[in-house]
Amino acid sequence: MIRLQNVHKSYRKNGLVTPVLDVPELEIPVAQRVALVGRSGSGKTTLLNLLSGLVKADSGLVQVDDEDLTTMSEAACDRFRARSVGYMFQSFHLLDGFTAVENVELGASFAGRSGPRKEAEQLLVALELGERLHHFPGELSIGQQARVALARALIGSPKLVLADEPTGALDGETANTILDLLLKKSLEQGVTLVVATHDLEVAAAFDRIVRVEDLQ
Amino acid sequence: MRLPALVLRNLKRRPLATALTTISVSLGVGLFSAVGALRDASEQAFHRSAGVCDLLVGAKGSALELTLNALYHVGASAGNIPYPVYQDLRQTKGVKWSVPMVVGDSYRGFRVIGVTDDLFQKLEVPDFGKLRFAEGGGFSFSAAQLDDFHAEVVEHAAALAEDEHDHDHEADDGHDHHDHDLADLAAENGWFVAVIGSKVASETGLKLNSTFEPAHNLVEGGGDAHDEAESKVVGVLESTGTPLDRAIFIPAAAFYAIEGHQATEQSSFGGALDPHGLSAIMVRTQAGYYHLQVRSKIKNRLDAQAVEPVQEIRKLFQIVGNIDGALRMIALMVVIVALTGVLVAIYNTMGARQKEFAVLRALGAKRRTILGLVTAESAAISLFGGVLGMVVAGVGVTLASDQIQEITGVAISPLPDLQDLQFLLAITAMGALAGLVPAARAYRTEAARHLSSSL
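Conventions used here
Residues numbered from 1 in each chain as written. Chains lettered and ligands numbered in written order. Predicted model: local features only at pLDDT ≥ 70, side-chain atom pairs only at ≥ 80, totals over all residues. Heavy atoms only, no water. Helix = DSSP H or I, 4+ residues; strand = E, 2+ residues; numbered from the N terminus. Areas by Shrake-Rupley, 256 points an atom, 1.4 Å probe, with all protein chains shown as cover. Core = buried A, V, L, I, M, F, W, Y, C linked by side-chain atoms within 4.5 Å. Buried < 20%, exposed > 50% of the residue type's maximum accessible area, 1.4 Å probe, protein only. Contact = heavy atoms within 4.5 Å. Phe/Tyr/Trp six-rings, centres within 6.5 Å; stacked < 30°, edge-to-face > 60°. Lys NZ or Arg CZ within 6 Å of the ring centre and 35° of its normal. 1 Å grid on protein atoms, 1.4 Å probe; cavity = no way out; pocket = protein on both sides within 12 Å on 5 of 7 lines; lining within 4 Å. Points joined across faces, edges and corners; volume = space filled by probe spheres on them. Buried area = accessible area lost by both parts, 1.4 Å probe. Salt bridge = Lys/Arg side-chain N within 4 Å of Asp/Glu carboxyl O. Nonpolar A, V, L, I, M, F, W, Y, C, P; charged D, E, K, R; others polar. Pairing = 2+ DSSP bridges. Axes fitted to C-alpha atoms, helices over the stretch in contact; angles between N-to-C directions. Expected span 1.5 Å × (residues − 1).

Asks: Looking at this structure, I do not really get the overall build of chain B. What am I missing?
Replies: Along the backbone of chain B there are 14 helices and 13 strands. Accessible surface, chain B: about 19,600 Å² in total, of which carbon and sulfur atoms supply 58%.

Below, the structure written as structure tokens:
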């Protein structure tokens, strides 16, 4: 269960304080697949970062499975992210010098578990990339890169998968394939899925749509 | 994927920068290590060679020159000491043994040294022991036999002087006549034999039962061969790693019997040009008081001096040490410049790697993991550079050791020692320290900012 209460976040730059997000109340049950929609700058990415513990709220409560991220130390947040969160970025951010399987393996490297290589291979095989395990990102199509990024987010069976515009860089057909895979795999693994998107058609495929502007 | 794998993969991603910075570190480390290794190994090896005797008795003059000439075969002999010095020494209380040496001939650049068989029976090389034979054995020629033969030499010289007087300075005929008498005597006694050092054997091809003709002079190809003194190799010494490996030992009688080694009317008996004298004497004394007493006794003579080879070599290395220190300072500066290069090279990649660090942070990497990653990359370059430098130094020392052995006979090991390993650790630590600068920048990476900037 994800619970946010009276969360406020603003950024400071050159002494100027810019409020970016206010969430009086938001609850997401376990295994629910949620689409966060809203215009650019509405705070979708900030909300994802708050849920991953990458940034801290100025005030309020951010709770994931009874763990209060607002009171956690940075190191504890890192540990939480390594063990409990999978992250998929818009442009995937695969690391150039690492093969597909190594990129996926990286997703579980900081959780302190052994044997992520085998799981990484299994995930990629399940995503029909068995032939591309040892290919570098530059040798993969954009759709294949998206699958690798998806596998990296799913490795280690995280409780929560966050994705920021996962289909934003893809053409229609590939976007649909990736979206289907994302929804299917999260359902199979029973993870809570929170995806930020500006595309209402994409959002329509989720269990629930949350309009960020409406939260405030 | 563990941190070491991440570090190696990141280094592989930038092959040119990694190779160049590694090479720059290796040059500095190699220079530093080679200078140190050469100094330490040569000092150790020189001390070992100097330790074959406690005292070296030779002509008055430079003590270092005497040591280098007598023990390392460097330079020309400073002159001779009268033969009775050797006889007196053997009677002196506190002298355990003494080995006389007469030099002046060579074979293909290797010094031919006239000695007694005490060399094979009594001399001990530190960390090696008594001389051992790879093939054959030593020749038999005792101090008493040398005394007898020397008496013959002196007698022949007296006869020569008489001949000179009788034949109104028709020296040449008389000279040859007496030389051949001695040569015949040496031949009759079977003294035209030789024991050769291991390096002589390997470089000249001489082996057991080979024969050779010593040539006058100490430089390669510098003199006429003595065909009347054709000598047979009866023994090949095992390698000792000292100048003994580069020497050819013959009975001192054979040396005196060789044509041109006897007195002429120009000879100055009893002085430094005495043809019946000795080039030097290696002496082993009893420890403590007796050593000082023997030394003092020689010191009081006007025609000879006694030097302590180990002390002379120590002094030599004190002088060399200043140059060595300066060289090591230069090498250290090169290492520091190279490590600064590593720092700059890694720092310059930081801007482009912010996203990479942000991704790693988003995947759960702690800030200190990022700090460790960058620091370890710098340390790894330093370690690789250090290892490469040690290899380069090893090759350099091997090449230089051939040259040093060529000149002095001292064999130097190119293998790294504990000090080298400590230096390698220090270089790696310095590399890690240099890496802290870019690592600090990586540490401060705000993941959320760098991830969202692309969204």
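Asks: What is the right way to look at the nonpolar core in this model?
Replies: A general trend in soluble globular proteins is that nonpolar side chains are found buried together. Formed by 84 residues in total, the largest nonpolar core has its most connected members in V57, I248, F249 and M282 of chain B. Residues in contact with I248 of chain B, not counting those within four places in the same chain, are Y107, F110, R111, V112, I113, A194, V195, I196, V200 and F212 of chain B. Within the second largest apolar cluster, 74 residues are counted, among which are I2 and C77 of chain A together with L6 and I427 of chain B.

Asks: Looking at this structure, I do not really get the packing of aromatic side chains. What am I missing?
Replies: Here the distance between the centres and the angle between the planes together describe a pair of aromatic rings. Residues and elements named next belong to chain B. Applying the stated criterion across every chain yields a total of 13 aromatic pairs over all chains. Relative to F212, the ring of Y107 lies with its centre 5.0 Å away and its plane at 50°, an arrangement referred to as tilted. Remark: F212 occurs in strand 8 (residues 211-212) and Y107 occurs in strand 2 (residues 95-107); sequence separation between them is 105 residues. Overall, the relative accessible area of 16% leaves Y107 in the buried class. Of the residues examined, F212 reaches a relative accessible area of 3% and is grouped as buried. Seen in terms of ring centroids, F255 and Y256 are 6.5 Å apart; in terms of plane orientation they differ by 80°. Their pairing is edge-to-face. Exposure remark for F255: the relative accessible area of 7% places this residue in the buried category. In this structure Y256 comes out as buried when scored by relative accessible area, which is 1%. Members of the aromatic cluster, joined through ring pairs, are F120, F133, F139 and F249. Just above the ring of Y86 sits the side chain of R90; from NZ or CZ to the centre is 4.5 Å.

Asks: Just checking my understanding: could you explain empty space enclosed by the protein for this structure?
Replies: By rolling a water-sized probe across the atoms, one finds the places where empty space is left. All names here are of chain B. All chains considered together, the criterion is met by six cavities of 30 Å³ or more. Of the volumes computed, that of the largest cavity is approximately 100 Å³. When residues of the lining of the largest cavity are traced back to their parent elements, those giving at least two are helix 3 (63-72) and strand 11 (247-251). Approximately 70 Å³ is the volume attributed to the second largest cavity.

Asks: Would you explain the interface of chain B and chain A in this entry?
Replies: Interface size is commonly expressed as the accessible surface area that is lost when the partners come together. On the side of chain A, 31 residues touch chain B, which itself brings 24 residues to the contact. Buried surface at the junction of chain B and chain A, summed over both partners, amounts to about 2,500 Å²; 63% is from carbon and sulfur atoms. Summed over the shared surface of chain B and chain A, the result is four salt bridges. The partner of E74 of chain A in a salt bridge is R361 of chain B, and the shortest N-O contact between them spans 3.6 Å. Elements with a minimum of two residues in the side of chain B that touches chain A: helix 1 (3-13), helix 11 (309-362), helix 12 (367-408) and helix 14 (447-452) of chain B. Examining the composition of the side of chain B that touches chain A, we find that six residues originate from one element, helix 11 of chain B, more than from any other. Its residues assigned to classes, the side of chain B that touches chain A shows eleven nonpolar, five polar and eight charged.

Asks: Looking at this structure, how should I read the sheet that holds strand 6 (residues 85-88) of chain A?
Replies: Backbone hydrogen bonds hold the strands of a sheet together, and the pairing may be parallel or antiparallel. Residue and element names in this part refer to chain A. Here we have five strands laid out as an open sheet, ordered 6-7-8-3-9, and parallel in their pairing. One side of each edge strand has no neighbouring strand; the edge strands of this open sheet are strand 6 and strand 9 (208-211). The sheet shows a mean angle of 20° between the axes of neighbouring strands, direction not considered. As judged from the four bridges shared by strand 3 (residues 33-37) and strand 9, these two strands associate in the parallel manner. Within strand 9, the residue paired with V37 across the bridge is R211. With respect to the sheet, helix 5 (residues 142-154) is in contact with strand 6 and strand 7 (160-164), its orientation differing from that of strand 6 by roughly 165°. Where helix 6 (residues 172-189) meets the sheet, it contacts strand 3, strand 6, strand 7 and strand 8 (192-197), and its direction lies at approximately 155° from that of strand 8.

Asks: Help me understand the pattern of salt bridges in this model?
Replies: A pair can form between side chains of opposite charge whenever their charged atoms are brought close. Under the defined criterion, the tally for this structure stands at 27 salt bridges over all chains. The closest approach of N and O atoms between D78 of chain A and R361 of chain B, which form a salt bridge, is 2.8 Å. Of the two residues, D78 of chain A is situated in helix 2 (residues 74-84) and R361 of chain B in helix 11; the pairing between them involves two chains. The exposure class of R361 of chain B is buried, given its relative accessible area of 4%. Note that R211 of chain A is salt-bridged to D214 of chain A, the shortest N-O span being 3.8 Å. Of the residues examined, D214 of chain A reaches a relative accessible area of 57% and is grouped as exposed.

Asks: Honestly, helix 5 of chain A in this entry has me stumped. Any pointers?
Replies: Given 3.6 residues to a turn, an α-helix orients residues that are three or four positions apart in the same direction. The terminal C-alpha atoms of helix 5 of chain A, which comprises 13 residues, lie 18 Å apart, in line with the 18 Å expected from a rise of 1.5 Å per residue. Turning to helix 5 of chain A, its buried residues are G143, Q144, Q145, A146, R147, V148, A149, L150, A151, R152, A153 and L154 of chain A. Lining the buried residues of helix 5 of chain A we find strand 6, helix 3 (100-109), helix 4 (116-126), strand 7 and helix 6 of chain A together with helix 11 of chain B. Backbone geometry just downstream of helix 5 of chain A places G156 of chain A in the positive-phi region, at approximately 85°.

Asks: Would you take a moment to explain the side chain of Q32 of chain A for this structure?
Replies: Residues and elements named next belong to chain A. Looking at the element boundaries, Q32 is found in the loop between strand 2 (16-28) and strand 3. Judged by relative accessible area, Q32 falls into the buried class, the value being 18%. Setting aside residues no more than four positions away along its own chain, Q32 makes contact with V191, T192, L193, D207 and R208.

Asks: Honestly, unusual backbone geometry in this entry has me stumped. Any pointers?
Replies: Note: most residues except glycine have negative phi, and most peptide bonds are trans. For E128 of chain A, which is not glycine, the phi dihedral falls at a positive 60°. Tracing the backbone shows E128 of chain A in the loop between helix 4 and helix 5. In this structure, N209 of chain B is a non-glycine residue whose phi angle is positive, near 75°. Mapped onto the elements, N209 of chain B comes out in the loop between helix 8 (198-204) and strand 8.

Read these as layout, nothing more, since geometry by itself doesn't imply function.
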